[in-house]
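Each chain, letter by letter, is given below.
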Amino acid sequence: MIHVIAFITAQPGQRDKVLAAFNANVPAVLSEDGCIEYGATIDAKDLPPGRNSVGPDTFVVVEKWASLAALQAHAASPHMKAYGALVKDWVANRVIHVLEPVANS
């Protein structure tokens, strides 16, 4: 299994536009072969701003994929290319971490 944690930072004041486009794309992603989990998260309500906050312009995508091949197919899919083209001017930065579980000892 592959885990992905992606920090998406929108241009100031554009997070809601990016999230709307992201959410419109979620059904297509969830229907992909090998997609186990795919969703956006934001800072918890009433969390005081500070060091542990991602901030008002950032959201975090939490993903799980059955395999690296499934993740690679996802990245190359037509709906992801369309999503990327749609939001490219609204996104300031993306940091994507691709991880795998630690084998049990």
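Colleague: How would you summarise the side chain of His74 if you had to cite specific residues and measurements?
Modeller: Looking at the secondary structure, you find His74 in helix α2 (residues 68–76). Beyond its immediate chain neighbours, meaning those up to four positions away, His74 contacts Val29, Glu32, Tyr38, Glu63, Trp65 and Met80.

Colleague: How would you sum up the sheet that holds strand β4 (residues 91–99)? Please name residues and give values.
Modeller: The 4 strands are arranged β2-β3-β1-β4 in an open sheet whose pairing can be described as antiparallel. What marks the edges here is a single partner per strand, and that holds for β2 (35–41) and β4. The average angle at which neighbouring strand axes cross in this sheet is 15°, direction not considered. Taken together, the 6 bridges between β2 and strand β3 (residues 58–65) define a ladder with antiparallel strand orientation. Bridge pairing in β3 links Ala40 to Val61. Relative to the sheet, α2 contacts β1 (2–10), β2, β3 and β4, its axis offset from that of β3 by approximately 130°.

Colleague: Describe the nonpolar core, naming the residues involved and giving the relevant values.
Modeller: Ranked by internal contacts, the top residues of the largest apolar core, which has 23 residues, are Val18, Tyr38, Phe59, Trp65 and Tyr83. Of all elements in the fold, only β1, α1 (15–30), β2, β3, α2 and α3 (78–87) reach the threshold of two or more residues within this core. For this core, the leading source of residues is α1, giving 6 residues. Setting aside its immediate chain neighbours within four residues, Val18 contacts Ile8, Ala10, Phe59, Tyr83, Val87, Trp90 and Val91.

Colleague: I'd love a proper account of the packing of α1 against α3, names of residues and values included.
Modeller: Put simply, α1 and α3 touch, their axes get as near as 10 Å, and they point 175° apart. By the angle between their axes, α1 is roughly antiparallel relative to α3. For the pair α1 and α3, the contacting residues are Val18, Ala21, Phe22, Asn25, Ala28 and Val29 in the first and His79, Met80, Tyr83, Leu86 and Val87 in the second. When its residues are assigned to classes, the contact of α1 with α3 shows 9 nonpolar, 2 polar and no charged.

What counts, and where the lines are drawn
- Residues numbered from 1 in each chain as written.
- Predicted model: local features only at pLDDT ≥ 70, side-chain atom pairs only at ≥ 80, totals over all residues.
- Heavy atoms only, no water.
- Helix = DSSP H or I, 4+ residues; strand = E, 2+ residues; numbered from the N terminus.
- Contact = heavy atoms within 4.5 Å.
- Pairing = 2+ DSSP bridges.
- Axes fitted to C-alpha atoms, helices over the stretch in contact; angles between N-to-C directions.
- Core = buried A, V, L, I, M, F, W, Y, C linked by side-chain atoms within 4.5 Å.
- Buried < 20%, exposed > 50% of the residue type's maximum accessible area, 1.4 Å probe, protein only.
- Parallel < 35°, antiparallel > 145°, perpendicular 65-115°, else oblique.
- Nonpolar A, V, L, I, M, F, W, Y, C, P; charged D, E, K, R; others polar.

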